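# Observations on the three-dimensional arrangement
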Amino acid sequence: MRAVPYESYLRTRRIPHIWCPGCGHGIVLKAMVRAIDQLGWKKDEIAMVSGIGCSGRAPGYVDFNTLHTTHGRAIAFATGLKLANPSLKVIVVTGDGDGIAIGGNHMIHAARRNLDLNVVLFNNFIYGMTGGQVSPTTPLGCSATTAPFGNYEHPFNIAELVAAAGGNFVARGTVYQPVELEKLLLKAFEKKGFSFVEAMSPCPTAYGRRNKLKGPVAMMVDLKERSVPLARAKNLAEPELEGKIVTGVLLDRDKEEYTEIYRKLTARLGGA
Amino acid sequence: METGKRPAPRLLTGNEAVAHAAIDAGARFFAGYPITPSSEIAETLSVLLPKAGGVFIQMEDEIAAMSAVIGAAIAGAKALTATSGPGFSLKQEAIGFACVTEVPCVIVNVMRGGPSTGLPTLPAQGDVMQARWGTHGDHPAVAVCPERVSEAYDLTLKAFDYSERLRTPVILLMDEVVGHVTEKAVLVPPDSATLPDLRKPVSPPEEYRPYRYSGQVPPPLVPFGQGYRYHVTGLLHDETGFPSNDTGNADRQVRWLMDKVERNRRLVTDFEAVDVEDAEVLLFAYGACARTAKAAMHMARSQGRKVGLFRPRTIWPFPYEELALAARNARVVVPVEMNLGQLSYEVSLAVCGKVPVKPLFKVGGEAVAPDELLTFIEGV
Ligand SMILES: Cc1ncc(C[n+]2csc(CCOP(=O)(O)OP(=O)(O)O)c2C)c(N)n1
Ligand code: SF4
């Protein structure tokens, strides 16, 4: 593995972090830092924006321009930030509750606009920070503190939802395959326009314990067993894909980006 | 603008005046969501901003609009949004975020009657208390309230000035009358050379603290991307900006937020006192009601009645002392509001039971008429 000077990206004085032992969120953050390092982005030009949740704490630990906003609204804050200063590289960190329940509307509209944001959604199938309530990605039948008899709602397929809404890049990876995840993040960050990476991340504390996944190792094994690369998934019938996590690049295209279109408009009007 | 040369008067609405003032104040970012009776502000800025090299964006809802405004302000833009009652309710959580993170921005609320969808097209002053206490927790509030089109322009300029100096959201509360009436107004833009740049760093990055819970005003909020790399969070935080669970720090921070506005009352207090010295009946009115009050006062004076008017332009923080002084010789104070007495509580607090308060309220979406007020005055 390529050596990365992690310390130079971390706010070491803010560590220890709040994440539980076995939480996947730190692995996603590490993959993000590795991707950023590979791209050679300068810390001063990076803004990392998050909402509320365990995932939302990530920006506090990295030495960028960091903004920890309200629950569900990180993408909306990031939209203002990016439009007011298009030279910033804006990364949004969000959770499944934050990004697709309370913040779902902002997500699909940001994708539609194709603004150059890099959204990374840490999907742990549960509301971690508030102690394990059901989320829009909790699988059918799984247990949560607010679904004590098993979840009776169908979950979202987030990556497909975002891909349908617009944007230029959509991918899904898991923390069990961190090298693959890093590659997906690298492609997402490089891509001009709206890009979205769904990172499957275990929450042993609020999800695993309640769902017969006793401990971080069992959760990793579960991720391994359930993930199917896109190329292989294409040859599988729908029933075979039930409960699987399809990984890889789901969407990659080059629609014109929002700030580019807007810049042309202002230029035409003599504004800048 | 060249000094000594007064611009020619022009005909425009209050909503248009707000849009022009925003541009003249240097605002280069607007995010909003359509809602009557404020939509003309967005429509006007959708023309003016791209031409000025600024950003106009219609968001998916008011929460997104308020959030985008705060994001833009953190990137260094002077930014605003505009809305009405239901949208103002939706913005409240983000307004609290701007208060605690000390991010300057301007929120225009062209009020309608409520609750809920209420009376979208008719005049009301339903959000006076929401402007003060709309978001949760102890927080500061600065709100200004124009009575005419020219003042909508002037107070928008001031709203940006207060907001930048105090690093706090400022609310421009208008009513439908001022928003929609077309009037002749002389718009005197500020000399852009004299607008202070309050975002310029005054210390090197290693020494920079985005917060300081003492002193007269906060340190500059340096825009993201200029090498300062700090943290902004809605969690209570220490002077470095990082979250803190320390109860002493929390106490200090929340008190600072409130004190910051109190300490700068001289800057933000703004009112008009007309014929108050000999007034037996002191009218208290703001926004469109003040126009009615002036007309009624004029009629009353011509009948020999000693009637005066106290009109706050800044309603939050409330000018308690100034009102008490104006009311000291009065026999009665008459607040006139297009709500059921939202600001009258503060009037009672200001006069402390020394002068009786006899209010006239209307909430049916009809403005108070001068005749009606005159009859009321005759009866008190
Ligand atoms: C407006 C609002 N509603 C509710 C909450 C409480 N809350 C905090 S975090 C959270 C859920 C977070 O879940 P998720 O986004 O999945 O992130 P995780 O903690 O699992 O990483 C909720 C409901 C809040 N902070 N604000
Ligand atoms: S509760 Fe779950 S998501 Fe939150 S830190 Fe612990 S393991 Fe991670």
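Because the structure is predicted, anything quoted here is derived from the model rather than measured. (Residues numbered from 1 in each chain as written. Chains lettered and ligands numbered in written order. Predicted model: local features only at pLDDT ≥ 70, side-chain atom pairs only at ≥ 80, totals over all residues. Heavy atoms only, no water.)

Further remarks concern the nonpolar core. Residues and elements named next belong to chain B. In terms of nonpolar packing, the biggest core is built from 155 residues, with Phe29 and Leu283 touching the most fellow members. A domain split of this core shows at least three residues from each of domain 1 (1-268) and domain 2 (270-379). The residues contacting Leu283, other than those within four sequence positions of it, are Ala293, Met297, Val307, Gly308, Leu309, Phe310, Val334, Leu373 and Ile377. (Core = buried A, V, L, I, M, F, W, Y, C linked by side-chain atoms within 4.5 Å. Buried < 20%, exposed > 50% of the residue type's maximum accessible area, 1.4 Å probe, protein only. Domains from an automatic or database assignment. Contact = heavy atoms within 4.5 Å.)

Bringing the sheet that holds strand β11 (residues 281-284) of chain B into the picture now. All names here are of chain B. With mixed pairing, the 5 strands of this open sheet are ordered in space as β10-β12-β11-β14-β15. Either end of the sheet is taken by a strand with one partner, and the two such strands are β10 (271-274) and β15 (360-361). The pairing of β11 with strand β14 (residues 332-337) spans 4 bridges and is parallel. Residue Val281 lies in a different strand from β14, and its bridge partner there is Val332. Each of β11, β14 and β15 is contacted by helix α12 (residues 344-351), which is oriented at about 160° to β14, the strand it contacts most. (Pairing = 2+ DSSP bridges. Helix = DSSP H or I, 4+ residues; strand = E, 2+ residues; numbered from the N terminus. Axes fitted to C-alpha atoms, helices over the stretch in contact; angles between N-to-C directions.)

To continue, consider the packing of helix α3 (residues 62-74) of chain B against helix α4 (residues 85-101) of chain B. Residues and elements named next belong to chain B. It is the contact of α3 with α4, at a shortest axis distance of 8 Å, that shows an interaxial angle of 30°. By the angle between their axes, α3 is roughly parallel relative to α4. For α3 against α4, the interelement crossing comes out right-handed. Side by side, α3 and α4 meet where Glu62, Ile63, Ala65, Met66, Ser67 and Ile70 of the first sit next to Gly87, Leu90, Lys91, Ala94, Ile95, Phe97 and Ala98 of the second. (Parallel < 35°, antiparallel > 145°, perpendicular 65-115°, else oblique. Left-handed = near helix turned anticlockwise from the far one by under 90°.)

Turning to helix α8 (residues 247-263) of chain B, a few remarks are in order. All names here are of chain B. Along its 17 residues, α8 runs 23 Å from first to last C-alpha, staying within 8% of the 24 Å computed at 1.5 Å per residue. At Leu257, α8 is deflected by roughly 30°, the largest bend along its length. Taken together, the buried positions of α8 are Asn249, Gln253, Trp256, Leu257, Lys260 and Val261. Its side-chain oxygen at 3.0 Å from the backbone nitrogen of Gly248, Asp246 defines the N-terminal cap of α8. (Expected span 1.5 Å × (residues − 1). Bend = angle between axes of the 7 residues up to and from the residue. Polar contact = N/O pair within 3.5 Å; in protein donor to acceptor, adjacent residues only side chain to side chain.)

Within the structure shown, the criterion is met by 2 cavities of 30 Å³ or more. The volume enclosed by the largest cavity comes to roughly 70 Å³. For the lining of the largest cavity, the elements supplying multiple residues, two or more each, are α4, α5 (128-133) and β7 (169-175) of chain B. Across the lining of the largest cavity, the residue classes tally to 8 nonpolar, 5 polar and 1 charged. Within this model, the second largest cavity holds a volume of roughly 50 Å³. Together, Phe125, Ser201, Pro202, Tyr207, Met219, Asp222, Leu223 and Arg226 of chain A line the second largest cavity. Here the lining of the second largest cavity takes 4 residues from helix α9 (residues 216-226) of chain A, the largest share from any one element. A breakdown of the residues in the lining of the second largest cavity according to their chemical character gives 5 nonpolar, 1 polar and 2 charged. (1 Å grid on protein atoms, 1.4 Å probe; cavity = no way out; pocket = protein on both sides within 12 Å on 5 of 7 lines; lining within 4 Å. Points joined across faces, edges and corners; volume = space filled by probe spheres on them. Nonpolar A, V, L, I, M, F, W, Y, C, P; charged D, E, K, R; others polar.)

Time to look at unusual backbone geometry. Omega for the bond connecting Ile15 of chain A with Pro16 of chain A falls within 30 degrees of zero, at 20°, which places this linkage in the cis form. Residue position: Pro16 of chain A is located in the loop between α1 (6-9) and α2 (25-39). For the bond running from Trp316 of chain B to Pro317 of chain B, omega is -5°, close enough to zero to count as cis. Mapped onto the elements, Pro317 of chain B comes out in the loop between β13 (314-316) and α11 (320-326).

Quick look at the interface of chain B and chain A now. At the interface, 37 residues of chain B touch 39 residues of chain A. Both faces combined, the contact of chain B with chain A buries some 3,100 Å², and carbon together with sulfur accounts for 61% of it. Considering only the side of chain B, the residues that lose the most area to chain A are Glu60, Phe224 and Arg229 of chain B, jointly responsible for 23% of the buried surface there. Across the contact surface, chain B and chain A share 3 salt bridges. In this structure, the salt-bridge partner of Arg229 of chain B is Asp44 of chain A, at a minimum N-O distance of 2.6 Å. Sorting the residues of the side of chain B that touches chain A by element identifies α2 (39-51), β3 (55-58), α3, α4 and β9 (231-233) of chain B as the ones contributing at least two each. (Buried area = accessible area lost by both parts, 1.4 Å probe. Salt bridge = Lys/Arg side-chain N within 4 Å of Asp/Glu carboxyl O.)

Glancing now at the domain arrangement of chain B. Residue and element names in this part refer to chain B. Parsing chain B into structural domains produces domain 1 (1-268) and domain 2 (270-379). Taking only C-alpha atoms, the centre of domain 1 and the centre of domain 2 are 28 Å apart. On the side of domain 2, 30 residues touch domain 1, which itself brings 33 residues to the contact. Around 2,300 Å² of area is buried between domain 1 and domain 2 when both sides are counted, 52% of it from carbon and sulfur atoms. Counting the contacts that link domain 1 with domain 2 gives 6 salt bridges. Among the ionic pairs, Glu147 bridges to Lys294, the shortest N-O distance being 2.8 Å. Taken together, the elements giving at least two residues each to the side of domain 1 that touches domain 2 come down to α5, β6 (142-144), α6 (149-166), β7, α7 (176-180), α8 and α9 (265-268). The class makeup of the residues in the side of domain 1 that touches domain 2 is 21 nonpolar, 2 polar and 10 charged.

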